[in-house]
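Structural features, examined
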Amino acid sequence: MKRILTGIKPTGDIHVGNYFGAIKPIIDLWAKHPDSEIYLFIPSMHAFTTLHDPDRLRTNILNGMKMYLAMGADPDRFMIYDQSYIAWHAQLTRVLQCLTHMGFMERMHVYKDAVAKWTATDLSVGTFCYPILMAIDIIMYDATHVPVGKDQIQHVEFARDIAQKFNKMFGETFVVPELFVRKEVQTIIGTDGRKMSKSYNNVLSFLDDENTLLKKVKKIPTSMLGIDEPKNPDECNVYGITKLIITEEEDAMLRDKYLAGWLSFKRAKDYLYEKLVAFMSPIQSKFAALDDDYVRKLLTENAEKANIIAEKKVKDVYQKIGFTL
Ligand code: AMP
């Protein structure tokens, strides 16, 4: 039986990169393997690494839950929960921190990026330990498959390593998770041509209204090629986003137009905008129809279920490492 797990940090609104890098793969996988179990969680303890505004955090958690549901996560079939409701994560953190070498953590690219970006006084211990918490998110629940974007591969590899290490030292305890990277959507590009990311402020968010979307699409940089000149679609950021949300036939037609020089960048952007609105509006309508109290109740109920699983795992670990007499 497959147990597939993923989550999106509630540091901002869920965007197109999250959808294609995390949510869609998990929903597709579930459609292909309906007997699999899906664990879709809100990594709020990860968000707290940088987001220290309680109101924003609360709003983002609630919106994140609603987005999961609006994007097709069936609450009867998916286990949808918030990490911070499960105190056992912190208990396991201590154990795995003591089994992880400093050098290993120092090589993690998220940490190296943070060192390059921030001064020592900005950099928290939480950032340094981030991959350990992420490994726990995965191995606590015996997840077998973790669909991620390219940026998270190293972290899932770490989860595999630490699970193997523990099993070797103390006996079979954790399932070693598998990576699942969808090749064609490894990294979704944002409106500035870099990876779409909340921290780069280049995202197309599902909570953007039509006006905001239009402004963002208009700002996407393009080359200086003239209206009638042939253009390489694979070098165009507008095409890079459009291809994600159109059918194969539409894609073939669009590529032909680019290559034949029948398409201005203005027209390409108008087309992207039109397709984005059509793609997002059903999700936005479902999101708007969800009741906050219903979502809060779901969070509490599922936290109880997740806590039972996590408690069992931590008690097994405590027994094996010698904490339980
Ligand atoms: P985050 O927003 O960093 O919590 O990311 C949540 C999930 O979305 C992770 O699985 C990421 O790999 C995925 N993700 C975020 N941004 C992108 C992107 N630009 N392209 C592909 N996947 C992404």
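For the structure itself, consult the block above.
From a predicted model like this one, the values you see are computed outputs, not experimental measurements.

**Focus: the site of the ligand**
Taken together, 18 residues lie near the ligand, and Lys9, Gly149, Asp151, Ile188 and Met196 sit nearest. Backbone polar atom of lysine 9 to an oxygen atom of the ligand: 2.8 Å apart, as the coordinates give it. Here an oxygen atom of the ligand sits 3.1 Å away from a polar atom, N or O, in the side chain of lysine 198. Contact with the protein chains removes 93% of the 480 Å² of surface that the ligand exposes when unbound. Put simply, the ligand lies in the largest pocket. Of all the elements, helix 1 (residues 16-32) adds the most residues to the shell around the ligand, at 4 residues.

**Some points on the packing of aromatic side chains**
The description of an aromatic ring pair rests on the distance of the ring centres and on the angle between the ring planes. Under the counting rule described, the total for this entry stands at 16 aromatic pairs. Aromatic pair tryptophan 30 and phenylalanine 78: ring centres 5.0 Å apart, planes at 85 degrees, arrangement edge-to-face. Residue tryptophan 30 is found in helix 1, and its partner phenylalanine 78 is found in strand 3 (residues 78-82); the two are separated by 48 residues along the sequence. The two residues tryptophan 30 and phenylalanine 78 agree in class, both being buried. Aromatic pair phenylalanine 104 and phenylalanine 158: ring centres 5.7 Å apart, planes at 50 degrees, arrangement tilted. One end of the pair, phenylalanine 104, is in helix 5 (residues 102-106); the other, phenylalanine 158, is in helix 8 (residues 153-170), with 54 residues separating them in the sequence. Here phenylalanine 104 falls in the partly exposed class, since its relative accessible area comes to 31%. An aromatic cluster of three or more residues is present, and its members are Tyr19, Phe20, Phe206 and Phe279. A cation over an aromatic ring shows up here: lysine 66 above the ring of phenylalanine 287, its NZ or CZ 5.1 Å from the ring centre. Above the face of the phenylalanine 265 ring, lysine 231 is positioned so that its terminal group lies 5.4 Å from the ring centre.

**Focus: the layout of surface pockets**
Approximately 1,300 Å³ is the volume found for the largest pocket. Considering the residues around the largest pocket, the lining is formed by 43 residues, among which Lys9, Tyr130, Asp151, Gln152 and Lys195 are closest to the centre. Those elements that place two or more of their residues in the lining of the largest pocket are strand 1 (3-7), helix 1, helix 6 (109-117), helix 7 (125-139) and strand 4 (145-147). Classifying every residue of the lining of the largest pocket gives 18 nonpolar, 18 polar and 7 charged.

**What about the packing of helix 4 (residues 88-98) against helix 13 (residues 292-321)?**
It is at 9 Å that the axes of helix 4 and helix 13 come closest, and there the two elements cross at 25 degrees. Relative to helix 13, the element helix 4 lies roughly parallel. Handedness of the crossing formed by helix 4 with helix 13: left-handed. Across the interface between the two elements, Trp88, Gln91, Leu92 and Val95 of helix 4 pack against Asn307, Ala310, Glu311, Val314, Lys315, Val317, Tyr318 and Ile321 of helix 13.

**Remarks on the environment of lysine 215**
Positionally, lysine 215 belongs in helix 9 (residues 210-218). With 98 residues separating them in the primary sequence, lysine 215 and lysine 117 have C-alpha atoms 28 Å apart.

**Thoughts on helix 7**
Compared with an ideal rise of 1.5 Å per residue, which puts 15 residues at 21 Å, helix 7 spans 22 Å between its outermost C-alpha atoms and is within 8% of the ideal. In helix 7, a bend of some 40 degrees at proline 131 exceeds every other bend along the element. Among the 15 residues in helix 7, 13 count as buried, and that is most of the element.

Cut-offs used in this document
Residues numbered from 1 in each chain as written. Predicted model: local features only at pLDDT ≥ 70, side-chain atom pairs only at ≥ 80, totals over all residues. Heavy atoms only, no water. Near = heavy atom within 4 Å. Polar contact = N/O pair within 3.5 Å; in protein donor to acceptor, adjacent residues only side chain to side chain. Areas by Shrake-Rupley, 256 points an atom, 1.4 Å probe, with all protein chains shown as cover. 1 Å grid on protein atoms, 1.4 Å probe; cavity = no way out; pocket = protein on both sides within 12 Å on 5 of 7 lines; lining within 4 Å. Sits in = over half its atoms within 2 Å of the grid points. Helix = DSSP H or I, 4+ residues; strand = E, 2+ residues; numbered from the N terminus. Phe/Tyr/Trp six-rings, centres within 6.5 Å; stacked < 30°, edge-to-face > 60°. Buried < 20%, exposed > 50% of the residue type's maximum accessible area, 1.4 Å probe, protein only. Lys NZ or Arg CZ within 6 Å of the ring centre and 35° of its normal. Points joined across faces, edges and corners; volume = space filled by probe spheres on them. Nonpolar A, V, L, I, M, F, W, Y, C, P; charged D, E, K, R; others polar. Axes fitted to C-alpha atoms, helices over the stretch in contact; angles between N-to-C directions. Parallel < 35°, antiparallel > 145°, perpendicular 65-115°, else oblique. Left-handed = near helix turned anticlockwise from the far one by under 90°. Contact = heavy atoms within 4.5 Å. Expected span 1.5 Å × (residues − 1). Bend = angle between axes of the 7 residues up to and from the residue.

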